[in-house]
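# Secondary and tertiary structure notes
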Amino acid sequence: MRDEDEIRDGAVTEHSGINISQDFVSPVVLYGSLITCVKKYHPSDDISMIEKAYQLACEAHGSQTRKSGEPYIIHPLNVAMILAELEMDKETIAAGLLHDVLEDTAITDVQLRNEFGQEVLSLVDGVTKLEQIPLSRDMSQTEAKLEMQAENLRKMFLAMARDIRVIIIKLADRLHNMRTLKYQSPESQQRIARETLDIYCPIAQRLGISKIKVELDDLALKYLEPEAYHELAESIAVRREEREAYIEGIVSEVSEHVRTAGIKAQVSGRVKHFFSIYKKMKNQNKTLDQIYDLFAVRIIVNTVMECYATLGVMHEHYTPIPGRFKDYIAMPKENMYQSLHTTLIGKSGQPFEVQIRTFEMHKAAEYGIAAHWKYKEDSAGVQSLHGEEEKLTWLRQILEWQQDMSDNREFMELLKDDLDLFADSVYCFTPTGEIKNLPMGSCPIDFAYAIHSAVGNRMVGARVNGRMVPIDYQLRNGDRVEIVTSQNAKGPSHDWLSIVKSTQAKNKINQWFKNESREDNITKGKEMLAAYAKGKGINFAEMLTPAYQQEIWRKYCYRDWESILAAVGRGALKEGQIVNKVRELYDRDHPRILSNDEVLASIAEQNAQLMRTPAKSRSGIIVRGIADLSVRFSKCCSPVPGDEIVGFVTRGRGISVHRTDCINIINLPEMERERLIDAQWQMEDDTTVGTFGASIKVFANDRPGLLADISKVFTEKNISILALTTRTNKQGVATLEISFEVHGREELEKIGEKIRQIPSVLDLERNAGG
């Protein structure tokens, strides 16, 4: 049975007499609706593949149920129904019905290939999560989850590159899971909703599938910010009749104006969806009453010429708000969305937005890349996408990152940053008129890397609208940008990382520095490991095996052993950490068998040691085997029992104890490293040496009650908070720095796990010095 925290709402259970009062839709009825939906749009009457997939899914899932108590087959049927509503091909719908059989049942990939062919198998395998990846025993639960999430996303993106239908199935799967998220635990609701908003909503937007994206947005908001969601719902509902009457009036007026102008059009109106309103409130720091364009009127016509003619009619009868017109027909969004947007003042003084598009544009806006899945087969009988390469530029970029990046944490940070739904865009032009879409606040460096990494690496200046500008100039909509390059350029500067806004630019600049110095760092890392091992009398070359190398690079979340060497060479990892870990692994697998004489000698030595050494160290620290030296715990990294530590001989203040991953120790000048000295915790119950200071940073979406919820964690653990500071940035992200005392690392990790479970908490990190 799967762990209860399984991503999918449908974590499998067997029938156990759960009494569910809700009457679920019968699978037979749902299957009938699916076939009816498929027959409405599919050119072929042959549904044998879908029928066979349904039968196999029913047999494979058998008596399995979801957490809601309904038969498990209901989930794949709903996924297939969502795909049918997107008018997908039969292979995709069959894969939707079968998408969980490899993961949750006894069906094998060989069986699936024999029954349905390689195409359907590849689709099912693409959405199947990795069952297990090798994880270090030293990893915390949070680190292990991040590793699994990153590896599964890497696999999914690779599968997407081979066949974009993989992500369409995954989005349908996630949409139904979000619709039924109420059956999950509060912790799982938060985790799944956060991943949905960070990863799947932006992907749906990039693919232009607003039909799915809009619903995922609102459902994620409902669980991540329940107070904001329900307050928004109640506020909009209070004046519902008045709003509906206003929309009907506007639609009627607009229809009359368009009809009088001789243009055939379909006109409809709506209140914008909740997440769209919430995003504006957050980004613009406004209340609901201050968001003026809550209403949108959509006008759908037959031709592009009629779009612009309709725009003229609208501006003739209503006053447009300056700066609120956007021509996405002439300049489509990255996902190829096309429409004219303008915000007008109604006769009552109430603003409303108008979207004007053709029927073809409307279908593309609703279904995105799914709308372009052709049912025309080539001579080999293979279906293909045509003219959709533009929508997948971002996917190719992510695949490049995967190849460049060995660190899964860095990959996840860049991915979430790139897919940030709250980021606005700025549109600029190359000298040849090509449009580049960049994050708001971007500078010419971002523009250069958007063209090509070689252009960015050789950049020496920039002209905007014909005049030279500084490299930190903030680009504006419509700017014409020319990048000045030179073959003699020395490459990017470290300072550029604090100027650029786009994820692509940050990644390419970091990659340049890593590649430039990687070989030197690998060589330096080897030398540092060898020197450290020699100084400790350790035969490092004999101990190190490929198996130990793999354990170590997985423990520290790197891609391979050379990446570990490069990290040691540039100071990101300490050589002692690696050598001691190798020795620990070697000793684990090669226990030493002592002779009788050696055992007697060891006992005699222990007795002599007891005579020489006090019973216990008052500080809890032993330096080079000697207890009760004058030691103090550094405040920069606040080590606690359980941390790997090192001593630093100060001038006149005894031994300063640091964590080995303390930034001050890692960046210690070479001439000062001679003052480092071995230190370790005395092996005894943590409580015998009292408490130790610790400091953490908590990052969270600001909300009322956040501080009280975090304080409650410490109260329940009977831990006093010694100091607490808070600050909130313009994006509404709060940073809380908390100082307190704990008995050891285990207690500190438990506190961290509890805080991570608090709604709206984004991340937590321990002070690492600096």
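Residues numbered from 1 in each chain as written. Predicted model: local features only at pLDDT ≥ 70, side-chain atom pairs only at ≥ 80, totals over all residues. Heavy atoms only, no water.

## As for the overall build of the protein chain
Selection rule: Segments assigned H or I by DSSP are reported as helices when at least four residues long, segments assigned E as strands when at least two residues long, and all are numbered from the N terminus. Think of it in three bands: with a 1.4 Å probe and only protein chains considered, a residue is buried below 20% of the maximum accessible area for its type, exposed above 50%, and partly exposed in between. Shrake-Rupley sampling with a 1.4 Å probe provides the accessible areas, and residues are treated as covered by the protein chains on show and by no other component.
Along the backbone of the protein chain there are 29 helices and 25 strands. When the 770 residues of the protein chain are sorted by exposure, 49% land in the buried category. About 37,900 Å² of surface is accessible on the protein chain, with carbon and sulfur atoms providing 50% of the total.

## A look at the side chain of Glu353
Mapped onto the elements, Glu353 comes out in strand 8 (residues 351-358). Judged by relative accessible area, Glu353 falls into the buried class, the value being 9%.

## Observations concerning the sheet that holds strand 15 (residues 481-485)
Convention followed: At least two bridges found by DSSP between two strands is the condition for calling them paired. Angular values range over 0 to 180 degrees, each being the angle between N-to-C directions of two axes fitted as lines to C-alpha atoms, with helices fitted over their stretch in contact. A contact between two residues is defined here by any heavy atoms of the two lying within 4.5 Å.
Taken in spatial order, the three strands of this open sheet run 14-13-15, and their pairing is antiparallel. Strands at the two margins of the open sheet, each flanked by one partner only, are strand 14 (467-469) and strand 15. Averaged over all pairs of adjacent strands, the angle between their axes in this sheet comes to 40°, without regard to strand direction. The strands that helix 19 (residues 444-451) touches are strand 13 (459-464), strand 14 and strand 15; relative to strand 15, the one it contacts most, it runs at about 80°.

## A closer look at the layout of surface pockets
The condition that has to hold: Points on a 1 Å grid over protein atoms alone make up a cavity when a 1.4 Å probe fits among them but cannot get out, and a pocket when they form an open set with protein on both sides within 12 Å along at least five of seven lines; lining residues each have an atom within 4 Å of a point. Grid points are joined across faces, edges and corners, and a volume is the space filled by probe spheres set on the points. Side-chain classes follow a simple rule in which Ala, Val, Leu, Ile, Met, Phe, Trp, Tyr, Cys and Pro form the nonpolar group, Asp, Glu, Lys and Arg form the charged group, and the remainder, Gly included, forms the polar group.
Counted as a void, the second largest pocket has a volume near 720 Å³. In terms of lining residues, the second largest pocket is bounded by 26 residues, among which Ala228, Tyr278, Lys282, Asp702 and Pro704 are the most central. Element by element, the count of residues in the lining of the second largest pocket is highest for helix 12 (residues 226-238), at six residues. Residues belonging to the lining of the second largest pocket are distributed by class as follows: 10 nonpolar, eight polar and eight charged.

## As for helix 15 (residues 304-317)
How we decide: Here a helix's expected span is defined as the number of its residues, less one, multiplied by 1.5 Å. Think of it as the arc spanned by the lines of direction from the helix axis to the C-beta atoms.
Taking 1.5 Å of rise per residue, the 14 residues of helix 15 would be expected to cover 20 Å, and the 21 Å separating its terminal C-alpha atoms lies within 8% of that figure. For helix 15, the set of buried residues is Cys307, Thr310, Leu311, Val313 and Met314. Buried residues of helix 15, seen end-on, are gathered within an arc of 160° and therefore sit on one face of the element. Exposed residues pointing more than 90 degrees away from the buried face of helix 15 are listed as Met305 and Glu316. Here the buried face of helix 15 lies against helix 13 (240-260), strand 4 (295-301), strand 7 (340-345) and strand 8.

## Some details on the pattern of salt bridges
We apply this condition: Definition used for salt bridges: Asp or Glu carboxyl oxygen within 4 Å of a side-chain nitrogen of Lys or Arg.
Under the definition given, this model contains 20 salt bridges. Among the ionic pairs, Asp89 bridges to Arg165, the shortest N-O distance being 2.8 Å. Of the two residues, Asp89 is situated in the loop between helix 3 (74-85) and helix 4 (90-98) and Arg165 in helix 9 (residues 165-179); the sequence distance between them amounts to 76 residues. Lys750 is paired through a salt bridge with Glu746; the nearest N and O atoms lie 3.7 Å apart. Placement of both Lys750 and Glu746 in helix 29 (residues 745-756) is noted, with a separation of four residues, approximately one turn of the helix. Within this structure, Asp89, Glu119 and Arg165 form a network of salt bridges that share partners.

## Considerations on a nonpolar patch on the surface
The cut-off we apply is this: Exposure above 30% relative accessible area and the absence of a salt bridge qualify a residue for a patch, where like charges join within 9 Å and nonpolar side chains (Val, Leu, Ile, Met, Phe, Trp, Tyr) within 5 Å.
Where nonpolar side chains cluster on the molecular surface, the patch consists of Leu707, Ile721 and Leu724 and spans about 210 Å² of accessible area. Mapped onto the secondary structure, Leu724 falls in strand 23 (residues 721-728).

## Regarding helix 28 (residues 706-716)
Every α-helix carries 3.6 residues per turn, so stepping three or four residues along brings you back to the same face. Taken together, the buried positions of helix 28 are occupied by Leu706, Ile710, Val713 and Phe714. Along helix 28, the residues classed as buried sweep out an arc of 95° about the axis, all on the same side. Turned more than 90 degrees away from the buried face of helix 28, the exposed residues are Ala708, Thr715 and Glu716. Tucked inside the fold, the buried residues of helix 28 contact strand 22 (692-701), strand 23, strand 24 (733-742), helix 29 and strand 25 (761-766).

## A short note on the packing of aromatic side chains
The way to describe two aromatic rings as a pair is by their centre distance and the angle between their planes. For the record, the criterion: Note on aromatic contacts: the rings of Phe and Tyr and the six-membered ring of Trp form a pair at centre separations within 6.5 Å, being stacked when their planes are under 30 degrees apart, edge-to-face when over 60 apart, and tilted otherwise. By definition here, charges over rings are those cases where NZ of Lys or CZ of Arg is within 6 Å of the ring centre and within 35 degrees of the ring normal.
Throughout the structure, instances matching the rule amount to five aromatic pairs. We note Lys52 situated over the ring of Phe116; from NZ or CZ to the ring centre the distance is 5.1 Å.

## Focus on the confidence of the model for the protein chain
Formally: The predictor's confidence in any single residue is recorded as pLDDT, a number from 0 to 100.
Confidence in the prediction for the protein chain averages 77 pLDDT; 77% of positions are at 70 or higher. At the level of individual helices and strands, the protein chain shows its lowest average pLDDT in strand 1 (residues 13-14), which scores 35, and its highest in helix 15, which scores 93. Overall, residues 130-139 carries pLDDT values under 50, and its contacts beyond four positions in sequence, including any with other chains, amount to 25 contacts.

## Describing the sheet that holds strand 22
A sheet is described by the order of its strands in space; here four strands give the open sequence 23-24-22-25, paired in antiparallel fashion. The open sheet has two edge strands with one neighbour each: strand 23 and strand 25. Neighbour-to-neighbour, the strand axes of the sheet open up by a mean angle of 20°, direction not taken into account. Looking at chain direction, strand 23 and strand 24 are connected through seven bridges and run antiparallel. Paired with Ile721 across the bridge in strand 24 is Phe740. Set on the sheet, helix 28 makes contact with strand 22, strand 23, strand 24 and strand 25; between it and strand 24 the angle comes to about 20°.

## Some points on the environment of Phe513
With respect to the secondary-structure elements, Phe513 resides in helix 21 (residues 503-535). Leaving out residues up to four positions away in the same chain, Phe513 has contacts with Pro492, Ser493 and His494.

## Some details on unusual backbone geometry
Residue Asn465 is not a glycine yet carries a positive backbone phi of 55°. Position of Asn465 among the secondary structure elements: in the loop between strand 13 and strand 14. Here Ser760, not a glycine, exhibits a phi torsion of approximately 80°, which is positive. Along the chain, Ser760 turns up in the loop between helix 29 and strand 25. Overall, the relative accessible area of 3% leaves Ser760 in the buried class.

## Section: the packing of helix 4 against helix 7 (residues 118-127)
For any two helices packed against each other, the geometry comes down to the angle between their axes and how far apart the axes lie. Selection criterion: Working rule for angles: under 35 degrees goes down as roughly parallel, over 145 as roughly antiparallel, 65 to 115 as roughly perpendicular, anything else as oblique. Take the far helix as the reference: if the near one is turned anticlockwise from it by less than a right angle, the crossing is left-handed, and if turned clockwise, right-handed.
For the pair helix 4 and helix 7, the least separation of the axes is 9 Å and the interaxial angle reads 50°. Considering their axes alone, helix 4 and helix 7 lie oblique with respect to each other. Every pair of crossing elements has a handedness; the one defined by helix 4 and helix 7 is right-handed. Between helix 4, through Glu91, Thr92, Ala95 and Leu98, and helix 7, the contact on the second element is made entirely by Glu119, Val120, Leu123 and Val124. Looking at the contact of helix 4 with helix 7 residue by residue, the class counts come to five nonpolar, one polar and two charged.

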